[in-house]
Structure formats: C-alpha cells, structure tokens
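Inside the fold
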Amino acid sequence: MSDPLKLASEFPSADYASWRKLAEDALKGAPFDKKLVTRARDGFSVQPIYTLYDQDDATRLIHEVLTATVEPRETVTGWDIRQLHTHPDPKATNAAILDDLENGATSITLKLDAAARQGREISSGEVGVDGIAIHCLTDLKIALDDIYTNLATIGLDAGAAGVPAAALLAAHIASSDDADEAAPAFNIDPIGTLAATGALPCSAEDAIGHAASVACDLIDLFPLATAISVNGAPYYNAGATDGQELACLLASGVTYLRALTDAGMAVDQAAGAIVFNVAVGTDFFAGIAKLRALRMMWSRVLSASGAQDATISINAISAEMALTKVDPWVNMLRTTVTSFAAGLGGADSVTCLPYDHLIGLPDGFARRIARNTQLILQEESNVHRVIDPAGGSWFIENLTKELAQTAWGKFQSLEASGGILKALANGSLKSEIETVWQEREKRLATRRDPLTGVSEFPNIAEAKVQCDTPDLDAIQADAKSRQTKYDGTVGKDLASMMEAARAGATIGHIFTDLYGTSAATRISPLTPHRLSESFEALRKRADAHKSASGSFPQIFLANLGKVAQHTARATFARNFFEAGGIEAITNNGFDTADAAAKAFAETGAKIAVICGSDPQYGDMAGDVAKALKSAGASMVYLAGHPGEARDSYEAAGIDEFIYVGADVLAICGAALDHLLGKRGEK
C-alpha cells in the first residue's frame, strides 16, 4: 500500500557529500577532523557519521560470524543474571542468595575472603575480610543450603586458592541429586590472579599446568561446567584500553587453550571449559563493540586451532573503574549502561554490581536494584530476543572492526614478545597500561572526560550511604567453631582433594599441601584505578575538615551586577570548586567593589572568586580584586579565561583563573592546601 501522505517526496535524497558540505559550513572554517572526528583511546578514528559505503567485506562478514557464536536458545531464555555475594557470614550469604534467586537472579558468584583467597588457615586475621568466610566444606554447605546447584550456576572467585576452592565446590555438588546437570563456574585463573595480586604459590607455568589438569577432571565430573576463567577486569580496571584488555584476554585464552589440550582435552572440549570475564565500562557503544570483537576474534582462534564449534562463554561485569564512592546513586545509571551494553554485545551472563558496591556490603535494596536493572532490560525491553541485536548498524560494525583489528595487532605483539606471562613478569604490560592511564588522568583532571556527580554537578551536602557493618569477631569465632581436625596429606589430583575436603580439610590445608607456605612467584601487580579516585581524595580531605570543624572549606563568590549577568559563571565556579569538596558562599551580586569586599569580610572566608561577564570584568575586575585583597583575601580567582588581559588582572591581584579546560584537580588541590595546609588541617 502506497503512503498517501508522501512525507518525504518533497525532499531531495541525502548523500554524504551534501551532509559533509553542510557540516563544514556550520563549522565556519574550523577543521572538520579536529571538531567532528573522535580519536579513540586505542588510536583509531571514529567518524561522526557512517553510511552503507563505509562497509567493506570485513564488516559485512562480522554479523555472519557472530551469529554462529550464539546458541539460539539464548534468544528465548536471555542471558544469565548473576549476582555477586561478599558478605562474610555464610548464613547471611545464604539468606541473600535465596532472596536473589527467588526474585529474578539465575546464578551467583561467591567471593571468598582474603584469608581463603591466599590459602591461609582459619587462624588468619583476614578471615571474613573482603569476602565470605568459606574455608571448609561445612562453611560452603551453610552458604548454599537449600540451593539447587543443578538449576542455578554457582561461580567462584577464589584468587590464588582457585584449585582448592574448586575441590570444595565439586565435593558439595557431587553429593547432590542431578549433579551431572549442574553447570558450575569454577573460575580457576592463575594468570588473572598473578596480574591482580602479583603472587602465585608456585611458578606460573606450574600453576597453569596444574589448573589444566584439575580442569580436565572437573569437566569429566561436570560436563556442563566451565573450569577456567580468563579475566580481563584486572587490566581494564588498571586503566587499559578496550583493545589492550581484548589483547590480554586473547593471549591468556590461548595460553589456557594450549595447557588444556596438552593435558589431554580435545580442542572443542577445552574451548568449552573456558569462560571469559570481561569488564564493561560506561562507554556504551565501545562496550557493545568490545564483546562483539572478542567473540569474533576468539572464533578466529578456535578456527585456527581446528575446533568445530565457534561458541564462546562470556561473563560481563560492571567495571569497578567506572563506579564512584561519592554520589553513588549515579552508579545505578552507570550499571544500567554496562548491563545494556553487555546484553547487546552478546554476553552469556551479566553481573550488575550494586550501586553501593564500593562503599560496603550491599543491602537487600541495593541487590534488588541490581537484579531489576537486568530484569527490565530482558522482560520489558526484550533486547535478548534478537541474535546479535547490534548487527547492521554501520557505526557499530565499523567500531567492532577497528577495535578487533587493533586488539589483534596488540595480541600478536604480545605473542611475539613471549606471551602474556612474560609481559607481566618483565613489567612491560604494566608500564604500557600505566602510560595509558596517565593520559586518561589528564582528561579527567580537565573534565574533558566528565564524571556526573563527581567532577560535574557535585553535591557535597549529599546524605552518605550507610552499609551494614558485620561483627567480624563473631564471624571469625563461628568459623573456627566449624573447623574439624584433619591430619592427612592431600594429593594433587581432584579426587584426592575432594576426599580430603569431605574429611574436613580446609582450603588452607589443601593449599599448603599443594604449594607450601610461601609465594614462589612474585611480580609487580597491576595497580587498580577508578576514574573518580583523585576527586574523591579531595572530597575526603574536605569531609574530614567538616567532621572536625562543623563546616566545609569555603570560598566566597564575588558576584558582579545582576543575577542574569553573573549566574552562568557563578554556577560554573560553584561546580568547579565543589568538585574538590570546597563549599561556595554565594549571593545575588554587588554593584561596587567596596560592597563585594565588605560582604567577603563578613563571611570570614580566605578565598574569593570573581564571577561576572566579560564587559564587567573590563570595568570592575581589577578594582574588585584590589578591594578583596584589602579586605583580607589571601587568594583571588577569576571565573573565565583571561586571554590577553592576564597580565593586567594579575597586576591587580588576581592569583588564578578557572575556565573550561583548566586543571580542576590541580586548582582545587592547591586551594585545599591553602585553606587546610598541605597535610590537611592547619
């Protein structure tokens, strides 16, 4: 049926050349490549518009390749909604798990405490710190009481103790009904552990070989399980670009694939035993492209290895780097973006971190929001109903191609230089990632990369989020009361470890029998970062001052003229300094320098910021600065770029200028030093 309205019939057909001319005319001589072309952190250019003519044979094949890596059933069931659990008390963890599974989550990850992760005994003071106090089979049974392990995937995050923890979980699941239908994620990952912590209890090669040997037994016992995790989060959270993380994922994946096949697995079975853990940040389209690029590149690796099945298992998790401690409510928006990108990119499971993840233990509300974020995406948005839903977008197809080509080149360089283990051991990978992070810090400091609620629109008077503080003494006492004495020696094979676990052996006991008591491998670990960390350090200083004195460090806004004349720059100045935790004392404006100086003196402030329009600055800025200095101002700022008038402004007593592109961190840090002293309070 023809359209009776013919809405587009009177418009000429569009083409790129016409659009380009209109864009260049609008730029009024400014360079097109500088203003409209974005330079990705991985070095390639992102154009402002893409058309059918930007597609080549490589981009046209992407969708075809990716559809072969997806199980059709996933468009019916959707991705796995996974919840992370870290409460130190196994009983509290059990209650939280049951609540999650009854209300929409479909799987869980258990993060073991610091003592268990390092293979230490229950006498360690780190029991219950930064994870669940699971040290023996009894602890695990309490945490998983009434949970059907054949219906809900149980994942582990056990650090260096990945093998002993896997033996405990295997012993628990094997004793249950329908154990052969269980699909646990044991997540043994010595490479990721070495990158994150800098330590392994044996040589890296031995750790990988032993992990592969145990993985063979785990897959024989649980055919639907994944045994090995390839974790990209340590690299991404240290500041790596998407391309660098992908290269590290591929290099680690290939290392594990070789080890598994050397241990006796067929290549298809080995590939099925591996799951990729990918950190997804808040760059929405980059997150989609990263997962698509990984699926495409791993398919290429498997094809070259002779595998018949190109499917890949990916767990996507909200990147801790992107989350903030200040104004944590915004984290709900951030994790919505990360979860949405993960779903569109083709993740098999998604871990949406609670909004208060960085502050403390999440309560039922925080876990509910994390669950519901994914439930809404699935049940109301139905984004899982399409295989490769981002396919066909000219922009995303090109972004996927560029990212894959860049990451593949980095992967080849890693392999040519000796592989991921050598790059970690000699520090070259850490140095490369730190260089990227330092460049990113500059963009954060000048707000070229803005952080909502942190560097933009900060709220220093926000109510603090309160999290549960468990009684660690009681939890440690309970953990000790559950231990039984085990005097046997544990063998290195899975069956021996499972038997020892059933007889009461702890993770620490198994770990010591396997590896001894000292770390045999030590390197300089990757340093985790968060985008907001430097701003939060300033806010912490300001909060400490408020706790001690009752008020935030303050500056006075010397607003000139009527509200309409100064409000834009007064608002800018307020946001600028409150990003560093410094409260702005504002007003309706002053007509004379003397009036501004008198009001300043009455506040008792030390620093003043002149705010107004450029014409007002030409008429009044010098006089106002002199009057403020006479009234006791030890520092005077001007809101706006000084341009050619810098010398005359400085001669009148203006010490510093704040404007778009200025270093917010440096200026606010110097202001806090001036107000509080370099060590905090004077």
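Before any of the text, the structure's been laid out above.
Residues numbered from 1 in each chain as written. Predicted model: local features only at pLDDT ≥ 70, side-chain atom pairs only at ≥ 80, totals over all residues. Heavy atoms only, no water.

**Structural notes on the packing of aromatic side chains**
- For the structure shown, the criterion picks out 18 aromatic pairs.
- On the basis of an interplanar angle of 50° and a centroid distance of 5.8 Å, the ring pair of Phe-572 and Phe-576 is categorised as tilted. With Phe-572 and Phe-576 both in helix α24 (residues 563–578), this residue pair falls four residues apart, about one helical turn. Residue Phe-572 shares its accessibility class with Phe-576, and that shared class is buried.
- Both rings, one in Phe-577 and one in Tyr-637, keep their centres 5.2 Å apart while their planes meet at 80°; by these two values the pair is edge-to-face. You can see Phe-577 sitting in helix α24 and its partner Tyr-637 sitting in strand β16 (residues 635–639), a full 60 residues away along the chain. In this structure, Phe-577 and Tyr-637 share a single accessibility class: buried. (Phe/Tyr/Trp six-rings, centres within 6.5 Å; stacked < 30°, edge-to-face > 60°. Helix = DSSP H or I, 4+ residues; strand = E, 2+ residues; numbered from the N terminus. Buried < 20%, exposed > 50% of the residue type's maximum accessible area, 1.4 Å probe, protein only.)

**Comments concerning the environment of Met-635**
- Along the polypeptide, Met-635 turns up in strand β16.
- Taking the C-alpha atoms as reference points, Met-635 and Asp-619, separated by 16 residues in sequence, lie 21 Å from one another.
- Once residues lying within four places of it in the same chain are set aside, the contact partners of Met-635 are Lys-606, Ile-607, Ala-608, Asp-655 and His-674. (Contact = heavy atoms within 4.5 Å.)

**Quick look at the sheet that holds β16**
- Spatially, the five strands line up as an open sheet ordered β14-β13-β15-β16-β17, and their pairing is parallel. The outermost strands of the open sheet, each flanked by one partner alone, are β14 (583–585) and β17 (656–658). Geometrically, the sheet is characterised by an average inter-axis angle of 30° between neighbouring strands, direction not taken into account.
- Taken together, the four bridges between strand β15 (residues 607–611) and β16 define a ladder with parallel strand orientation. Residue pairing for β16: Ile-607 is matched across the bridge by Met-635.
- Each of β13 (554–559), β15 and β16 touches helix α26 (residues 614–630); the most contacted strand, β15, lies at about 170° to it. (Pairing = 2+ DSSP bridges. Axes fitted to C-alpha atoms, helices over the stretch in contact; angles between N-to-C directions.)

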